[in-house]
Amino acid sequence: MAGGRIRARIRRSSLYTFNCYKPRTSEDEAPHDIQGPGYSRIVHCNKPKMHEQKPLKYCSNYISTTKYNVLTFLPKAIFEQFRRVANLYFLLAAGLSLTPVTPFEPLSMIAPLIFVVGLSMAKEALEDWRRFMQDMKVNLRKANVHKKDGVFGLKPWMKLRVGDIVKVKKDQFFPADLLLLSSSYEDGICYVETMNLDGETNLKVKQSLETTLPLDDDQTFKEFSATIRCEDPNPNLYSFVGNLDYDRQVYPLDPTHILLRDSRLRNTTYVYGVVIFTGHDSKVMQNSTKSPSKRSRVEKQMDKIIYILFSILLFISFISSIGFIVKTKYDLPKYWYLQVPDGDDLFNPGKPLTSGFYHLVTALILYGYLIPISLYVSIEVVKVLQALFINRDIHMYDEETGTPAQARTSNLNEELGQVDTILSDKTGTLTCNQMDFLKCSIAGTPYGTRASDVELAAAKQMAMDLDGLSQNCTPHAWDKGGHPFQESEIEVITSRDENTHKPPIKGFSFEDSRLMNGNWVKEPNADVISLFFGILSLCHTAIPEHNEETGTLTYEAESPDEGAFLVAAREFGFEFCKRTQSSILIRERYPSSQEPIEREYKILNLLNFTSKRKRMSVIVRGEDGQILLLCKGADSIIFDRLSRNGRMYEEATTRHLNEYGETGLRTLALAYKKLDEAEYFAWNEEFTKAKTSIGGDREGMLERISDVMEKDLILVGATAVEDKLQKGVPQCIDKLAQAGLKIWVLTGDKMETAINIGYACSLLRQGMKKICITIMETDTLVQDSRKAVKENILMQITNATQMIKLEKDPNAAFALIIDGKTLTYTLEEDMKHQFLNLAVDCASVICCRVSPKQKALVTRLVKEGTGKITLAIGDGANDVGMIQEADIGVGISGCEGMQAVMASDFAIAQFRFLERLLVVHGHWCYKRIAQMICYFFYKNIAFGLTIFYFEAFAGFSGQSLYVDWYMLLFNVVLTSLPVISLGVFEQDVDSEVCLQFPALYQQGPKNLFFDWYRIFGWMGNGLYTSLIIFFLNIIIYYDQAFRAGGQTADMTAVGTAMFTCVIWAVNCQIALTMSHFTWIQHFLVWGSVVTWYIFLLVYGELEYALPVNAFRILLEVLAPSPTYWSATLLVTVACNLPYLAHIAFQRLYNPLDHHVIQEIKYYKKDIEDRHMWRREKSKARQKTSIGFSARVDAKIRQLKGRLQKKYSSMSSNHSITQQK
C-alpha cells in the first residue's frame, strides 16, 4: 500500500492534454436542462430507504440470466416440449388411448410419453439450475457499503440499493453504475478498465466533480446528502446526462463522472461512489437480452421429417379406413359369428362411415410406431453424454486456471459441427494484453536476431519444400548445389541466440549482443542509440511501483505497448525509476562506470495519444538545459512530419518497418526535435491559453497548436513489438481457416489496435488489400445531411465490391475494416445487404469501435443474411448480446468477469480450445446425431410398416400382429441402447486425424450426412427392409408345417418370428453403420439381441403370455423349429445386403474423405509411407487467404520469387559469359 500512497500524491490531471484536464471548467458550465420523457430518474444520495416505495422504487441489484424461474418453469418447459410435433402427436394418441377405439392398453401409450417429456424437462431444469448458481456467484459478491454514521460494512451485491454510498478498492469490479464522488488521488482522478464493456485494454480516466473532492474518508459521509436528477435507464455506454444538486448548487454530470457496472478499478487505491442504476437498469445489463431458446437446425429438419412421416401415417390410415369401410359394408354382414353390429358402432354395417371414422382413429394409434416417441429422449440422453465427454476432455482443460470446458446446454452439440462463420471479440479472447519488445531499427541499422513465429514457420516449410524438391529435381534443373534455394537465404530467418538461457523477462524477448550488456556504446551511432533509449524511457504516462516481493520496479502503464517499451529501456540500461508532479528520474547504466547515473528530466508538456492523432509527444528539459520534443507514433504520421535534415534514415527504416510488418509485429516510429527557449515559450503561451479555455472547440484548438509543435522532426528509429496473443491463438485460427470457417473480429477497440491484432493473429497480412469503410470527418458531418453520408458509404461499398469482382490475381485477398459509426448506417435496412455481400467476398472482416448492441446486430445480419450457422465467442459483458444472438454462443471462462459465460451455450478457458471443440467434438457430434436420427427413422419405418401390411393382410380389422409387450419394448429397450452407443461412441476418424485433416470438418457445413438425399435413402432402406421382413416371413410360414407335429404357425408365432427378424435386421444394420467399435458398442448391440431372447424365455413362463397364446413361445414353439432359425438368417442377410453393396461400391468408386483416411490408417500407410501421409494432409485443408498457413504461403511465394529472380540473373550472367 506504500506505493499506492506515494502515487496518490501526484495530480494525474496535469499529465494530460486532452481528455483529462477539465476538473474546474466543467462545473462552471450551466447545469443540464433535464425535463420531459426519458429524464425522470431521481436519486437521493445516502438515503437508500427513500427508494423502497413508488414512485422512486427502482429495481434491485439482483441479476438473472436464467430461462425459467419457479413460477414460469412448468408452463414454459411444457410449451418447449410440445413445440416438438412428435410429442404433440403422442399427447393426442395418449388421450385417445383412454377411449374404446384404442388397439393398445392406455398404459403403453401414456407411460412412454410421461417418461420422455419428464426426462427432457428434468434436463432443462438441471441446465437452468447451473445458470442460476453462476448468477448467484455474482449476486453474492461483497461490496463495501455505507451503513450509517460514517461506518462502512460488507453487503452482497444483490442487496445494494439506489442511493447507497459504495467504497471500491483497487482491482475490484464496480457492483452497479456509480457516480464518482472522490478517489485516493487528490484531484479525484481514477483509472478504470472497461474490458468487460467495450473490449478496450487501455485504461480510461474518470474525474469526480471538484465539489465532492473533500468526501475522501469514511467519516465524511456521516452527514452527506445530495440529489441526482438524470436520464432513465438506457443501453448507451458512452453517454450520460444528469445534474447533481449538492450544497445548494446544481452541477452538470457527464460520462466522465460515471463508473459502469462490471468495469474495474485500476491504478487507484480506492474510490467512493453513489449508486445510480442497479441490476437490470445498469447500462451493461441494458445491453443484454433475454436468454433465447435455441434449437439446432438438425432438430428443426427432424421436425420436417416427422411431418413427412405424419403425412405417410395419415395416408396409410386413410387407406386402412377406406378398406375397413368396404369390408364393413359388404363383407361384415356375411360374418354372422362376429355378432355385428356392436353397441358402440365400432363394427356396424349399417353405419359404415361412422365405423370407418372410428377405425381411422384406431389406425392412427396403431401405425404410430412410424413416428418414434423415444427419438427425442434418446437424443437428449446422447447429447447429455456428449456434453459430458466435452466437459471431461483433458485437452480442453486449462491447467493455469484449473478450468475445464463446459457444455452449458447440450441442445446444440451437433451445431458445433456445422459452423460457417465465427464472430469473435478481441480483447481477452484473442489477446492476453501483453506486448514483447522483439526488434528495433536505430539509425538505419536493424537490431534483434530473434525470429518471429511467422519467420520460423516459413523457414520450416521452406526446408520441407527443399527436402521434397531435392528428391525430384535433376542437377541441371538448378545451380550446382542441386537445390533451388541456398542455405544462406534462410539462415537469417532461423538464427537465434541458442547459447543464452536467461530466465524470460515479461515484455522483453529481444536478443542481440550488439545492444545488450552496454555493448551499444561500441556501435558507430552510439549517440543516436542513446537518444532512442531516452525516448523509450521518457515518452509515456506510466507510473513506477516498487515490488516488495521481487525488489524490482514494475510499471503501471495505460497500454501494454508502453509497459514493453519501459521494460526494454530498463534492460538496455535506461531505467525509469521515479515520477514526480513535474519531473521524471532515469537511472542510466554504462559499462564504463559501476554505479548507475541518475538524471532528472523536467516535464514541460505532455501531448497524449488519441486515435485521431496516432502519436504521443513529451516536451522535456534535460540537466544541460536543452529542451527536447520526443515523439512516438504511427510511421505514416511521423514520416509526414520529418524535416528535410531529419530523413537521413528514412529509406532504411521504411524497409525495416515493412519487414517487421510482414512478420506480424506492431511497429512505431520514434523521432525528436531540439527547441530553443524563445520558440518554446511562444508556443507554450498559446498552448496554455487553449488548455484553459472554455468552449466546444477547446480540443480542436489544442490539437491544432500541438500539430504546430510536432513538425520538422528528426527520425531516430522504429520499434517492433510482438503482440502476445493468448496461447495457441494463431494456430487455432489457422486450423479453423483450413477447416473452411470464416472469422470476423468485432471489437470495441480503436481501429489501429484492431488492425495490429489482425496482423498478429494472421487475419491480416502484408500484401492483403485492405478495404476501410469510414464516414467523413466530424466537422463535415455537421454541414452534410444524413443522406449525403449514407450515399458516400454506399459508394465506398459499391467501389469495393467492383474492385473485388475485377481482381484477376488468384492469390489476391481482401480484408474489410469498418468502424462503429459507419456500422450505424450500414446496418440500416436499405444498406445492410450490400454491406453483407461485400463482407462475404472478403477473406477477413474486422469491425472496430462497435458497441455491444452493434455486435448483436452484426451477428444477426450474418446469421439471417447468409442463412448459415454462426458462432460468437467472447469473454466480457459487452459480448453477451452477440453470444445470445448467434446460433452458438461460446464464453471464455478464464477471466474474472463471468457475464459472457453465464449467457453462453459452451464455455472454454482459452480461445485455442475452440479448435478442438469444433474440429473434433463438433465434427463427431454432427455425424453421430445425423446418423442416429437417420437410423431411428429407418428402424421405425422398417418396424411400423409391417403392422400396416398385416392390417391389409387381415382385412383392415385393426388387429395387431405383435403382442403389446413387444411393441412397448421395441423403442424403449430392444433398439434404444445400440442407437445411443452410436450417438455417443461413433468416430469416423480419431481426434488426432480430425486435427490433421481439418477439411473433414466441411462435411458438417455442407450437411453431407443429413441432407434430403441421405434422409430419403434411409427411409427407402426402411421401406425395403419392411417389405422383405413381412413378405419373406409370410411366404415361409404361410400354409407350411412349422412344428414337429405338423401344425402351422399361428398369429403369435408368426408375429414373434417376424419381430425376431426385425430385431436382428436393425441391429445388424447399426453394426454396419458404425466405423468405430469399442467393447461397449459390441455389448449393447449384440446384448440387445440376446435381451430379446431372454425376454421371450421369461415372458413365455408368465401368466401374461396365456391370453395371447404365447406360453413358452420360445422354448416349445420357435426354438425347436429349424425354419425359425433359417428364416431369421435369410431375412437378416436379405435386409442388409443392399446397404452392404452400397457402402462397398461407394468406398470403391466414390469414396468420401474419411473413407480414404480410414483405409490409410487400416493399412498403416501413415506409419510406413510418411511422404504419402504428408501429401494427403496438405490436400486436406481448405484453400484460405487468412491464418498462419496463408501468411507462411505468402512469405514462401515472396522468398521463392526473390530466389527465382536471383537465379534468373545468375543464369543470364552465366550465358553472357559463355557467349563471350
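Residues numbered from 1 in each chain as written. Predicted model: local features only at pLDDT ≥ 70, side-chain atom pairs only at ≥ 80, totals over all residues. Heavy atoms only, no water.

Draft legend 1. Structural detail: the overall build of the chain. For the chain, the count of helices and strands is 40 helices and 33 strands. Counting all 1220 residues of the chain, 57% fall into the buried class. Considering only residue pairs separated by 6 or more positions, the chain has 75% of its internal contacts joining residues 24 or more positions apart. With an accessible surface of roughly 52700 Å², the chain has 56% of that area assigned to carbon and sulfur atoms. (Helix = DSSP H or I, 4+ residues; strand = E, 2+ residues; numbered from the N terminus. Buried < 20%, exposed > 50% of the residue type's maximum accessible area, 1.4 Å probe, protein only. Contact = heavy atoms within 4.5 Å. Areas by Shrake-Rupley, 256 points an atom, 1.4 Å probe, with all protein chains shown as cover.)

Draft legend 2. Summary view of the nonpolar core. Formed by 112 residues in total, the largest nonpolar core has its most connected members in Y962 and W1092. When residues of this core are assigned to their parent elements, the largest contribution, 17 residues, is made by helix α28 (residues 913-953). In this view, W1092 contacts Y966, L974, T1056, F1059, T1060, I1063 and Y1124; residues no more than four positions away in its chain are not counted. If you look at the next biggest cluster of nonpolar residues, it comprises 74 residues, including A557, Y590, Y649 and L715. (Core = buried A, V, L, I, M, F, W, Y, C linked by side-chain atoms within 4.5 Å.)

Draft legend 3. Examining the environment of M121 more closely. Considering the arrangement of structural elements, one finds M121 in helix α5 (residues 106-139). Accessibility expressed as a relative area gives 12% for M121, which makes it buried. For the pair M121 and E80, spaced 41 residues apart in sequence, the C-alpha separation works out to 8.9 Å.

Draft legend 4. Representation of the sheet that holds strand β7 (residues 204-207) in the model. Judged by pairing direction, the sheet is antiparallel, and its three strands sit side by side in the order β7-β6-β12 without closing on themselves. Lying at the two open borders of the sheet, with one neighbouring strand each, are β7 and β12 (264-266). In this sheet, adjacent strand axes meet at a mean angle of 45° when their direction is disregarded. Sheet topology places strand β6 (residues 189-193) next to β7; four bridges connect them, and they run antiparallel. Residue pairing in the sheet places C190 in a bridge with K206 of β7. (Pairing = 2+ DSSP bridges. Axes fitted to C-alpha atoms, helices over the stretch in contact; angles between N-to-C directions.)

Draft legend 5. Quick peek at the side chain of H921. Position of H921 among the secondary structure elements: in helix α28. A relative accessible area of 6% places H921 in the buried class.

Draft legend 6. Representation of the packing of helix α10 (residues 374-392) against helix α30 (residues 976-985) in the model. α30 packs onto α10 with a crossing angle of 35° between their chain directions and a minimal axis gap of 9 Å. Here the hand of the crossing between α10 and α30 comes out right-handed. Packed against α10, whose contacting residues are S378, V381, V382, L385, Q386 and F389, the element α30 presents I980, G983, V984 and F985 at the interface. Partitioning the contact of α10 with α30 into residue classes produces seven nonpolar, three polar and no charged. (Left-handed = near helix turned anticlockwise from the far one by under 90°. Nonpolar A, V, L, I, M, F, W, Y, C, P; charged D, E, K, R; others polar.)

Draft legend 7. Structural view of the packing of aromatic side chains. Enumeration over the complete set of coordinates arrives at 53 aromatic pairs. Plain terms: the ring middles of F437 and F510 are 5.9 Å apart, the flat faces sit at 55° to each other, and that makes the pair tilted. Within this pair, whereas F437 is found in strand β16 (residues 431-442), its partner F510 is found in the loop between α12 (487-494) and α13 (526-538), the two being separated by 73 residues in sequence. This pair shows no difference in class: F437 is buried, exactly as F510 is. An aromatic cluster is present here, built from F437, F508, F510, W520, F532, F533, F565, F572, F574 and Y590 joined pairwise through their rings. R141 extends its terminal NZ or CZ atom over the ring of W157, reaching a point 5.1 Å from the ring centre. Above the face of the Y270 ring, K167 is positioned so that its terminal group lies 5.1 Å from the ring centre. (Phe/Tyr/Trp six-rings, centres within 6.5 Å; stacked < 30°, edge-to-face > 60°. Lys NZ or Arg CZ within 6 Å of the ring centre and 35° of its normal.)

Draft legend 8. Looking closely at the pattern of salt bridges. One pass over the full model with this rule turns up 37 salt bridges. With a shortest N-O distance of 3.4 Å, E571 and R570 are connected by a salt bridge. A relative accessible area of 24% means that E571 is categorised as partly exposed. For R860, the salt bridge goes to E885, with nearest N and O atoms at 3.1 Å. Note that R860 is positioned in helix α25 (residues 852-866) and E885 in helix α26 (residues 880-885), a separation of 25 residues in sequence. On the basis of relative accessibility, which here comes to 35%, the residue R860 falls in the partly exposed class. The class of E885 is buried, set by a relative accessible area of 15%. (Salt bridge = Lys/Arg side-chain N within 4 Å of Asp/Glu carboxyl O.)

Draft legend 9. Looking closely at the sheet that holds strand β33 (residues 906-908). Pairing within the open sheet is mixed, and its nine strands lie in the order β14-β33-β32-β31-β15-β27-β30-β29-β28. Two strands bound the open sheet, and with one partner strand each, they are β14 (406-407) and β28 (769-773). Sheet contacts for α25: β15 (419-424), β27 (742-746) and β31 (869-874); angle to β27, the most-contacted strand, approximately 160°.

Draft legend 10. Geometry of unusual backbone geometry. Although it is not a glycine, A443 sits at a positive phi angle of roughly 55°. Along the polypeptide, A443 turns up in the loop between β16 and β17 (445-447). Of note, the phi angle at N1007 is positive, near 55°, even though the residue is not glycine. Judged by its relative accessible area of 16%, N1007 is buried.

Draft legend 11. Structural context of the pairing of strand β8 (residues 226-230). Buried residues dominate β8, accounting for four of its five residues. With five bridges joining them, strand β1 (residues 41-45) and β8 adopt antiparallel strand pairing. Paired with V43 across the strands is I228, a residue of β8.

Draft legend 12. Structural detail: α28. For α28, which comprises 41 residues, the first-to-last C-alpha distance of 58 Å matches the rise-based estimate of 60 Å (1.5 Å per residue) to within 8%. When the local axis directions of α28 are compared, the greatest deviation, roughly 35°, occurs at G922. Counting buried residues along α28, 39 of its 41 residues qualify, which places the element largely inside the surrounding structure. Just past α28, the residue G955 takes up positive phi, approximately 75°. (Expected span 1.5 Å × (residues − 1). Bend = angle between axes of the 7 residues up to and from the residue.)

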